[in-house]
Amino acid sequence: MKTEVCETTCVHEEDVLKVKANLPNLKGMTVIFKALADETRLKIAYALTIQEQLCVCDVAAIIQSSTATASHHLRYLKDIDLAKSEKRGKLVYYRLADSHVSQLVKIAYEHAEEGVLNESI
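Here is what the cut-offs are and how they apply
Position numbers for residues start from 1 in each chain and track the written sequence from start to end. In keeping with the model being predicted, local features are shown solely for residues with a pLDDT of at least 70 and side-chain atom pairs are shown and tallied solely at 80 or more, while totals for entire chains, interfaces and linings include all residues. Excluding hydrogens and water, the side-chain figures rest on all heavy atoms present in the structure. The definition of a nonpolar core used throughout is a set of buried Ala, Val, Leu, Ile, Met, Phe, Trp, Tyr and Cys residues joined through side-chain atoms within 4.5 Å. Working definition: with a 1.4 Å probe on protein chains only, accessible area under 20% of the residue-type maximum means buried, over 50% means exposed, and in between means partly exposed. Strands here are runs of E lasting at least two residues and helices are runs of H or I lasting at least four, both read from the DSSP assignment and numbered beginning at the N terminus. Residue contacts follow a heavy-atom distance rule, with two residues in contact if any of their heavy atoms lie within 4.5 Å. A pair of Phe, Tyr and Trp rings is counted when the ring centres sit within 6.5 Å of each other, with Trp represented by its six-membered ring. The angle between the planes then sorts it: under 30 degrees is stacked, over 60 is edge-to-face, the rest tilted. Any Lys NZ or Arg CZ found within 6 Å of a ring centre and within 35 degrees of that ring's normal is scored as a charge over the ring. For salt bridges, the criterion is a side-chain nitrogen of Lys or Arg within 4 Å of an Asp or Glu carboxyl oxygen. In this description, strands pair whenever DSSP reports at least two bridges between them. With axes taken as lines fitted to C-alpha atoms, and helix axes fitted only over the stretch in contact, angles between N-to-C directions fall between 0 and 180 degrees. Just so you know how the angles are binned, under 35 degrees is roughly parallel, over 145 roughly antiparallel, 65 to 115 roughly perpendicular, and the rest oblique. Residues are grouped as follows: Ala, Val, Leu, Ile, Met, Phe, Trp, Tyr, Cys and Pro are nonpolar; Asp, Glu, Lys and Arg are charged; all remaining types, including Gly, are polar.

Quick notes on the nonpolar core
Right, on to step 1. Judged by nonpolar contacts, the single largest core of 21 residues is most densely connected at I44, V59, A70, L74, L77 and L82.
Right, on to step 2. Of all elements in the fold, only helix 2 (27-36), helix 3 (39-50), helix 4 (56-63), helix 5 (67-79), strand 3 (91-96) and helix 6 (99-113) reach the threshold of two or more residues within this core.
Right, on to step 3. Apart from residues lying up to four places away in sequence, A70 is in contact with V56, V59, A60, I63 and S65.

Focus: unusual backbone geometry
One can expect most non-glycine residues to show negative phi and most peptide bonds to be in trans.
Right, on to step 1. Positive phi, normally seen in glycine, also occurs at Q64, with a value near 55°.
Right, on to step 2. Residue classification places Q64 among the exposed residues on the basis of a relative accessible area of 76%.
Right, on to step 3. Of note in this structure, D81 is not a glycine but carries a positive phi near 65°.
Right, on to step 4. Following the sequence through the fold, D81 ends up in the loop between helix 5 and strand 2 (83-88).

Concerning the packing of aromatic side chains
Right, on to step 1. For the structure on display, the rule yields one aromatic pair.
Right, on to step 2. Judged by centre distance (5.3 Å) and plane angle (55°), the rings of Y46 and Y109 are tilted. In this pair, Y46 sits in helix 3 while Y109 sits in helix 6, placing the two residues 63 residues apart along the sequence.
Right, on to step 3. Among the residues examined, Y46 registers a relative accessible area of 28% and is labelled partly exposed.
Right, on to step 4. The lysine or arginine in question, R41, covers the ring of Y76, its NZ or CZ lying 4.0 Å from the ring centre.

A few points about the environment of H100
Right, on to step 1. Along the chain, the position of H100 falls in helix 6.
Right, on to step 2. Placed 18 residues apart in sequence, H100 and L82 show a C-alpha to C-alpha distance of 9.2 Å.

Side note on the pattern of salt bridges
Right, on to step 1. Applying the stated rule across the entire model yields one salt bridge.
Right, on to step 2. Here E86 and R88 are joined by a salt bridge, their closest N and O atoms 3.4 Å apart.
Right, on to step 3. Under the relative-accessibility criterion, E86 is labelled partly exposed at 35%.

Let's talk about the pairing of strand 2
Right, on to step 1. As paired strands, strand 2 and strand 3 are joined by six bridges and run antiparallel to one another. By the bridge assignment for strand 3, E86 is matched with Y93.
Right, on to step 2. Adjacent in sequence and paired antiparallel, strand 2 and strand 3 are bridged by two residues, among which G89 carries a positive phi angle near 65°.

Concerning the sheet that holds strand 2
Right, on to step 1. Pairing in this open sheet of three strands is antiparallel, and the strands run 1-3-2 from one edge to the other. Two strands lie at the open edges of the sheet, namely strand 1 (53-55) and strand 2, each paired on one side alone. Strand-to-strand twist of the sheet, defined as the mean angle between neighbouring strand axes without regard to direction, takes the value 30°.
Right, on to step 2. Seen against the sheet, helix 4 touches strand 1 and strand 3 and runs at an angle of roughly 90° to strand 1.

Description of the packing of helix 3 against helix 5
Right, on to step 1. Contact geometry for helix 3 and helix 5: axes closest at 10 Å, N-to-C directions at 75°. For the element pair helix 3 / helix 5, the angle class is roughly perpendicular. Of helix 5, the residues touching helix 3 (which contributes T40, R41 and I44) are H73, L74, Y76 and L77.
Right, on to step 2. Taken together, the residues that form the contact of helix 3 with helix 5 break down as four nonpolar, two polar and one charged.

Below is the structure:
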């Protein structure tokens with residue numbers, strides 16, 4: 001079995017100090033990845049890369065859930081600024097907050113399709 005750890009301890013102090021000095025607060029990223037780690041919310045986000053906006057009823061049909069469940073997931077995405085909503089008459093439409101969210105979802109999909117993740121799961 002191949003070991004993927006260092007066989008000896010050798011800290012490269014200069015590299016460590018450089019990274020520590022430039023490492024930002026990652027809490028916001030953690031929230032984003034936590035939200036997208038849920039398969040249902042990721043499916044919703046991906047659906048919104050295909051169709052720019054969808055009403056809650058459409059999302060419920062896509063994820064095969066009740067409108068209450070769809071609304072819950074959409075509200076979660078909205079609360080952390082991954083989605084935006086607009087009420088039109090009796091319908092509420094959702095869309096991704098901006099192109100960054102769309103790119104993030106598409107890039108994750110492309111990476112998964114390269115087979116890198118499929119081999120390790």
